[in-house]
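Observations on chain architecture
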Amino acid sequence: MHTDQKDRRRKDGGDAFIPDPGSGPARSTDDLAEMVAEDFLSSATSGEEQGEDVRDQIVAEELGGPFIQSAASEEFVDDVDGNNPEGADVEPFPRAMGGR
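Positions within a chain are numbered from 1, following the residues in the order the chain's sequence is written. Predicted model: local features are reported for residues with pLDDT of at least 70 only, side-chain atom pairs are reported and counted for 80 or more only, and whole-chain, interface and lining totals are derived from all residues. Water and hydrogen atoms play no part in the side-chain values, which are based on all heavy atoms of the structure.

Take the overall build of the chain next. Only runs of H or I of at least four residues qualify as helices and only runs of E of at least two qualify as strands under DSSP, and these elements are numbered from the N terminus. Looking only at helices and strands, one finds three helices and zero strands in the chain. The linear arrangement of helices and strands in the chain, starting from the amino end, is α-α-α. Under the scheme applied here, a residue whose accessible area is under 20% of the maximum for its type counts as buried, over 50% as exposed, and between as partly exposed, the area being computed with a 1.4 Å probe on protein chains only. Counting over 100 residues, the chain shows a buried share of 4%. Of the accessible surface of the chain, which amounts to about 10100 Å², a share of 53% is contributed by carbon and sulfur atoms. Surface exposure here means Shrake-Rupley accessible area, sampled with a 1.4 Å probe, where a residue is shielded only by the protein chains that are shown.

Now the structure itself:
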């Protein structure tokens, strides 16, 4: 049986989301890329969608902290500047858009 051996190099760069690993293992420092790849492999090998269950799990980042301690005087403004001009109306609640 004769097979025609054409040039098997990629016609594009192969760097769509992560650099093309060539013949080596694919590696990425991107946490999202790692999660998507793990979801795909779990789904492909089990035959069931795994991503939704994984995304619904509680992770340590959702539990809070570390928090930066700061005084109210650093956070709240009570003087005049470009965002708080003298004579401006004080709104009772923050408003996303102007108008009455």
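Patches in this entry comprise residues that are over 30% relatively accessible and not in a salt bridge; like charges within 9 Å are linked, as are nonpolar side chains (Val, Leu, Ile, Met, Phe, Trp, Tyr) within 5 Å. By definition here, a salt bridge exists when the distance from a side-chain nitrogen of Lys or Arg to a carboxyl oxygen of Asp or Glu is within 4 Å. Only four residue types enter the tally: Lys and Arg on the positive side, Asp and Glu on the negative side, with His and both chain ends excluded. Charged side chains are reduced to one point each, which is NZ for Lys, CZ for Arg, CG for Asp and CD for Glu. Together, Asp-30, Asp-31, Glu-34, Glu-38, Glu-61 and Glu-62 line one region of the surface with negative charge. Its location among the elements puts Glu-61 in the loop between helix H2 (51-56) and helix H3 (72-75). Given the relative accessible area of 69%, Glu-61 is considered exposed.

Secondary-structure assignment places Asp-53 in helix H2. For the pair Asp-53 and Asp-39, spaced 14 residues apart in sequence, the C-alpha separation works out to 9.7 Å.

What follows concerns the side chain of Ser-43. Mapping Ser-43 onto the fold places it in helix H1 (residues 31-46). Owing to a relative accessible area of 16%, Ser-43 belongs among the buried residues under this scheme. Among all residues touching Ser-43, those that are not within four sequence positions of it are Glu-48, Glu-49, Gln-50 and Gly-51. Contacts are assigned to residue pairs that have any heavy atoms within 4.5 Å of one another.

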